[in-house]
Amino acid sequence: MTYAPMTVPADPRHDAGPYHDYDLCGLRLRSALPLRGFKDWTGDDRAPDIDFVVGGVPAALEGEVEAGLFMYVAPEGRVRIAVPGVADFLVEDGRRVVIAPAPGHATADIDAFIGGSVFGALCHQRGLLPMHAASVEVGGGAVMMMGPSRAGKSTLSAALANRGHRLVADDVTVAMPGPDGRLMAMPTIRRQKLWQDSID
């Protein structure tokens with residue numbers, strides 16, 4: 001499928017200079033947009049494993065089906081996420097994400113969807129196991145809190161972090177097999193999304 005690129009208005013909040021390199025579960029992520037809460041890449045000089053680019057996203061993918069809030073999946077596995085007033089995202093092959101910001105969008109809102117739905121789609125395409133869970137380190141292991149949105153996952157993990165437990169992941173926790181065959185919870189994005197009442 002081909003589609004015309006979309007012109008994206010310049011946004012002074014976005015760095016027009018070089019790309020930004022981040023570490024995402026040991027993968028090198030290169031982004032055209034600065035992303036808050038992502039750890040800077042400090043690994044080797046290999047080519048990026050994942051590219052985030054700004055460009056055009058089609059209004060629909062051929063044969064797509066609705067797979068969740070704002071999310072559509074095509075038969076070949078591409079994922080389109082269309083968030084009104086924020087951005088449209090196209091996730092392809094676990095290696096490339098095209099971002100089309102909405103006019104007047106809030107950068108924090110784009111970051112929130114990248115750390116949630118977009119990240120989850122990337123994991124699925126790469127054969128990783130993403131779980132809708134917050135996780136903290138307790139006694140050398142990871143404790144995951146799962147549940148639907150607004151169940152209190154982030155609030156509970158924030159309370160545990162305030163008691164000295166290291167935050168491993170918020171919203172999406174990735175499980176990968178470790179050297180001994182047991183599942184490990186991989187550190188992901190270093191920020192939490194909390195409702196104002198939880199902050200208060």
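See above for the structure.
Residues numbered from 1 in each chain as written. Predicted model: local features only at pLDDT ≥ 70, side-chain atom pairs only at ≥ 80, totals over all residues. Heavy atoms only, no water.

Colleague: What am I meant to see in helix 1 (residues 107–126) here?
Modeller: An α-helix turns once every 3.6 residues. As a result, residues three or four positions apart point the same way. Most pronounced at Ile-114, the bend in helix 1 amounts to some 40 degrees. Among the residues trailing helix 1, Gly-127 stands out with phi positive, at a value near 80 degrees. (Bend = angle between axes of the 7 residues up to and from the residue. Helix = DSSP H or I, 4+ residues; strand = E, 2+ residues; numbered from the N terminus.)

Colleague: Even after reading the chapter, I still don't get the nonpolar core, so can you show me in this structure?
Modeller: In a soluble, globular protein the nonpolar side chains are often hidden away together inside. In terms of nonpolar packing, the biggest core is built from 30 residues, with Leu-29, Phe-52, Phe-89, Ile-99 and Ile-114 touching the most fellow members. Of all the secondary structure elements, the ones that give two or more residues to this core are strand 1 (20–24), strand 2 (27–31), strand 4 (50–54), strand 7 (79–83), strand 8 (87–92), strand 9 (96–101) and helix 1. The leading source of residues in this core is helix 1, at seven residues. Once residues within four sequence positions are removed from consideration, Ile-114 is found in contact with Leu-35, Phe-38, Phe-52, Phe-89, Ile-99 and Phe-119. (Core = buried A, V, L, I, M, F, W, Y, C linked by side-chain atoms within 4.5 Å. Buried < 20%, exposed > 50% of the residue type's maximum accessible area, 1.4 Å probe, protein only. Contact = heavy atoms within 4.5 Å.)

Colleague: Hey, could you run me through the pattern of salt bridges in this one?
Modeller: A pair can form between side chains of opposite charge whenever their charged atoms are brought close. One pass over the full model with this rule turns up 12 salt bridges. The salt bridge involving Asp-21 is made with Arg-30; its shortest N-O contact spans 2.7 Å. Note on Arg-30: relative accessible area 26%, which makes it partly exposed. A salt bridge links Arg-78 to Glu-76; the shortest N-O distance between them is 2.7 Å. Exposure remark for Arg-78: the relative accessible area of 12% places this residue in the buried category. The class of Glu-76 is exposed, set by a relative accessible area of 51%. Here the residues in one salt-bridge network are Asp-21, Arg-28, Arg-30 and Asp-45, joined through shared partners. (Salt bridge = Lys/Arg side-chain N within 4 Å of Asp/Glu carboxyl O.)

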